[in-house]
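# Results of the structural survey
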Amino acid sequence: MICRPLFLGATLMLLSACATTGAAQPALPPPPPAPIAMIAPARVAPPAPRPCVSTRRVRCPTPVDVLAAANGAARQQPIAGGFTEARHVYAYAPGAIYELYTNPGFISTVLLEPGETINAIAAGDTSRWMVTETNGESEGEGRTIVLVKPQTIGLRTNIVLITDRRTYTIEASSSAGAVYSAQIAWSYPAIQGEPGAAIARPMNENYRVRTVHGLRPSWSPTRVYDDGRRTWLEFAESVGSADMPPLFVITPEGAELVNYRVQGRRYMVDRIFDVAELRFGTRAPIVVRIERRAPRAREGARS
């Protein structure tokens, strides 16, 4: 009888130890999900244009037709309003073809930008055309001039001028009569990505524009600026070319009508002035005065 309690006690102790050993452990957090590889969507190239197939009703243009259309679209011709006296001013654009009308009895001149020098001249027909280079002066700076003269009428050729700044492609034709291109030159709008655009001269926009006689007109310039050599006057888009007034430069001797080039809704003057006026009308003229001030110092500049 004495052994039973001992045996029962030992059994209870063994069961208690087993229960303690088999107790549930705290659950561990699940492992993080594996990173999902992000695959960039593949770029799908645009479908290539389908070649044109000629049929009985449709005639596809030949490569010669495409080339002729491209050259025709690139040709620049004289337009009204693009002249300063007898000088026609083209707006330069890379890849354009500029037409030059010549006459065997006259010499046509091609004026490059002041300071621009020619590296090479090439002409398609050198036996019946005279193409020579010379130099002149323009406001103290050298200017390259190309002289062009045909030997007879009915000729047509191209002339390529390669300079230190750009390339010009000219198509020259000869005809009879007294009409010919006396001079052609170019204006040079800033073109993004063009080497000359990166070294463009700083612009001075410190001008005062005010109406000194009459009511303020619609053609009053919206912007005036210069690069130290030339001056530009810009007008509102609503101003038509027929409404643009003449420009006078005010000097100690009085008002002098100045030559300028019309480029769309912009005047370009080949000089700098201190005071100028736009005048419109005779009996009761409207006068807008333009006064140039000293260029503002650049931000961060130190004297």
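Residues numbered from 1 in each chain as written. Predicted model: local features only at pLDDT ≥ 70, side-chain atom pairs only at ≥ 80, totals over all residues. Heavy atoms only, no water.

### So, the pattern of salt bridges
When charged atoms on two side chains of opposite charge get close, those side chains can pair. In this structure the tally under the stated criterion is 17 salt bridges. Among the ionic pairs, Glu-171 bridges to Arg-75, the shortest N-O distance being 2.9 Å. Of this pair, Glu-171 sits in strand 10 (residues 167–174) while Arg-75 sits in strand 1 (residues 75–76), and the two are 96 residues apart along the sequence. For Arg-156, the salt bridge goes to Glu-99, with nearest N and O atoms at 3.7 Å. A residue pair is termed long-range when its members are at least 10 positions apart, and Arg-156 in strand 9 (residues 156–163) and Glu-99 in strand 4 (residues 97–102) qualify at 57 residues. (Salt bridge = Lys/Arg side-chain N within 4 Å of Asp/Glu carboxyl O. Helix = DSSP H or I, 4+ residues; strand = E, 2+ residues; numbered from the N terminus.)

### A short note on the nonpolar core
Leu-100, Val-110, Val-148, Leu-161, Tyr-168, Ile-170 and Trp-186 are the most contacted members of the largest nonpolar core, which has 20 residues in total. Put simply, the parts of the chain that give this core at least two residues each are strand 4, strand 8 (141–150), strand 9, strand 10 and strand 11 (183–187). Considering each element in turn, this core owes the most residues, three residues, to strand 10. Excluding residues that lie within four positions of it along the chain, Leu-161 makes contacts with Val-110, Leu-112, Ala-120, Ile-121, Val-146, Arg-166, Thr-167, Tyr-168 and Ile-170. Counting residues in each nonpolar core, the second largest holds 18 residues, with Val-224, Leu-247, Leu-278 and Val-288 among its members. (Core = buried A, V, L, I, M, F, W, Y, C linked by side-chain atoms within 4.5 Å. Buried < 20%, exposed > 50% of the residue type's maximum accessible area, 1.4 Å probe, protein only. Contact = heavy atoms within 4.5 Å.)

### Concerning the sheet that holds strand 20 (residues 286–292)
The strand order 12-20-19-15-16 describes an open sheet built from five strands, whose pairing is antiparallel. If you trace the sheet from one side to the other, it starts and ends with strand 12 (207–213) and strand 16 (254–257), each paired once. Averaged over neighbouring strand pairs, the angle between their axes works out to 30° when direction is ignored. (Pairing = 2+ DSSP bridges. Axes fitted to C-alpha atoms, helices over the stretch in contact; angles between N-to-C directions.)

### Observations concerning unusual backbone geometry
The phi angle at Glu-85 is positive, at roughly 60°, despite the residue not being glycine. Its place among the elements puts Glu-85 in the loop between strand 2 (83–84) and strand 3 (87–91). The exposed category is assigned to Glu-85, whose relative accessible area is 64%.

### Things to note about the environment of Gly-240
Turning to its location among the elements, Gly-240 is positioned in the loop between strand 14 (231–234) and strand 15 (247–251). Spatially, the C-alpha atom of Gly-240 lies 9.1 Å from that of Gly-264, the residues being 24 residues apart in sequence.

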